[in-house]
Amino acid sequence: MDFESLKQSSSNFDAITKALETKLSPEDQSNKNKYQDDRLWKPELDKTGNGYAVIRFLPAANGEEMPWQRVWSHAFQDKGGWYIENSLTTLNHKDPVSEDNTRLWNTGVDSDKEIARKRKRKLSYYANIFVVSDPKHPENEGQVKLFKFGKKIFDKITEAMQPAFEDEKPINPFDFWKGANFKLKIRKVDGYWNYDKSEFEGVSQLKEADDQIKAIWEKQYPLKPFVDPSNFKTYDELKEKLNRVITGTQSTTTVDEVDLPPQQSTSSVEMPKVNESKPASEDDDTLSYFSKLADED
């Protein structure tokens, strides 16, 4: 899709709205850096434990159809060290951890269910953003970045595109001309980041002139590599690693030695709070895997 087609299609609003209705299926690339990816933007809290920034979600990059990609992953520790891998369920393929979690859950034994909870999947989204305001790091303002976020923020996007009430008009948050800036408001609630107060502003054009908008579009990063099958380990490789981590038959793997998903660092991972009263399932997105790997302070 060229730039003019992007403008005429309202940044492909119909296609991405349809993508919201796609059911989540149950069923490392070059220049990899384990700890830092300069493309990734992450908000930062102030001394009071609050965070604030204004960002603009951007449409699909040139040559791509969707403005986001979603990736399932697992991260847990056992006798043989850490298991931190993208899940093949991202590609609608069988994954050894998901299979084992299903087996454990179906035993009905509480101890088995607890193991399954600790090994469950986490859902992350990747999108291009334009940083409008970043009080903690003003040097990021005016830049195109990748933003990794979880279900809570994606729910805000969904609500904007598919509002629940008749007096609310749907908007395409990913549109340059008829989209809206997103005010990211973060509070610490019981030690975890909470995004409930985040909200979209009114509809606005990102920049006055189309040549300014086009310059931003041309700086966007491709998202397809995050779901390229070549960047995922095979089922057999994951199965072997899972067995090694569970049994501890080889030397313990340290966090420093773990290969992370493409250009991803442990410091960028969100940490939702565990809801112990909620029944767990393989698709439940409330369990924090990374609380031992990343400190949001």
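For clarity, every value in this text was computed on a predicted model and none was experimentally measured.

A.B. asks: Hey, could you run me through unusual backbone geometry in this one?
C.D. replies: Trans peptide bonds make up the majority, and among non-glycine residues the majority have a negative phi. Even without glycine at this site, asparagine 92 takes up a positive phi of about 65°. Along the polypeptide, asparagine 92 turns up in the loop between β4 (81-86) and α3 (96-106).

A.B. asks: Explain the nonpolar core to me, please; I cannot follow it from the model alone.
C.D. replies: Soluble, globular proteins show a tendency: their nonpolar side chains are buried together. Counting 29 residues, the largest nonpolar core has Trp41, Phe57, Phe147, Phe149, Ile153, Ile157 and Leu184 as the members making the most contacts within it. If we skip the residues at most four places from it in the chain, isoleucine 157 touches Phe57, Phe149, Pro173, Phe174 and Phe200. Judged by nonpolar contacts, the second largest core, of 16 residues, contains Val71, Leu146, Leu223 and Val245.

A.B. asks: Where do I start with the pattern of salt bridges in this structure?
C.D. replies: Any two side chains of opposite charge can pair, so long as their charged atoms come close to each other. Counting across every chain of the model gives 12 salt bridges. A salt bridge links aspartate 78 to arginine 119, with the nearest nitrogen and oxygen atoms 3.2 Å apart. Taken together, the positions of aspartate 78 in strand β3 (residues 68-78) and arginine 119 in the loop between α4 (110-118) and β5 (122-133) put the pair 41 residues apart, joining distant regions of the chain. Of the residues examined, aspartate 78 reaches a relative accessible area of 26% and is grouped as partly exposed. Among the salt bridges present, the one from aspartate 100 reaches arginine 119, with a minimum N-O distance of 3.2 Å. With aspartate 100 in helix α3 and arginine 119 in the loop between α4 and β5, the pair connects residues that are 19 residues apart, well separated along the chain.

A.B. asks: For this particular structure, what's the right way to read the environment of arginine 121?
C.D. replies: Mapped onto the elements, arginine 121 comes out in the loop between α4 and β5. Exposure remark for arginine 121: the relative accessible area of 0% places this residue in the buried category. Residues arginine 121 and serine 87, spaced 34 residues apart in sequence, show a C-alpha to C-alpha distance of 7.7 Å. Separated by 2.8 Å, the side chains of arginine 121 and threonine 89 make a polar contact.

A.B. asks: Even after reading the chapter, I still don't get the packing of aromatic side chains, so can you show me in this structure?
C.D. replies: Here the distance between the centres and the angle between the planes together describe a pair of aromatic rings. Tallied over the full model, the rule gives 15 aromatic pairs. One aromatic cluster is present, built from ring pairs that chain together Trp41, Phe57, Trp68, Tyr125, Phe147, Phe149, Phe154, Phe174, Phe182 and Phe200. Lying across the ring of tyrosine 221, arginine 39 places its NZ or CZ 5.8 Å from the centre. Over the aromatic face of tryptophan 105 sits the side chain of lysine 113, whose NZ or CZ is 4.8 Å from the ring centroid.

Cut-offs applied
Residues numbered from 1 in each chain as written. Predicted model: local features only at pLDDT ≥ 70, side-chain atom pairs only at ≥ 80, totals over all residues. Heavy atoms only, no water. Helix = DSSP H or I, 4+ residues; strand = E, 2+ residues; numbered from the N terminus. Core = buried A, V, L, I, M, F, W, Y, C linked by side-chain atoms within 4.5 Å. Buried < 20%, exposed > 50% of the residue type's maximum accessible area, 1.4 Å probe, protein only. Contact = heavy atoms within 4.5 Å. Salt bridge = Lys/Arg side-chain N within 4 Å of Asp/Glu carboxyl O. Polar contact = N/O pair within 3.5 Å; in protein donor to acceptor, adjacent residues only side chain to side chain. Phe/Tyr/Trp six-rings, centres within 6.5 Å; stacked < 30°, edge-to-face > 60°. Lys NZ or Arg CZ within 6 Å of the ring centre and 35° of its normal.

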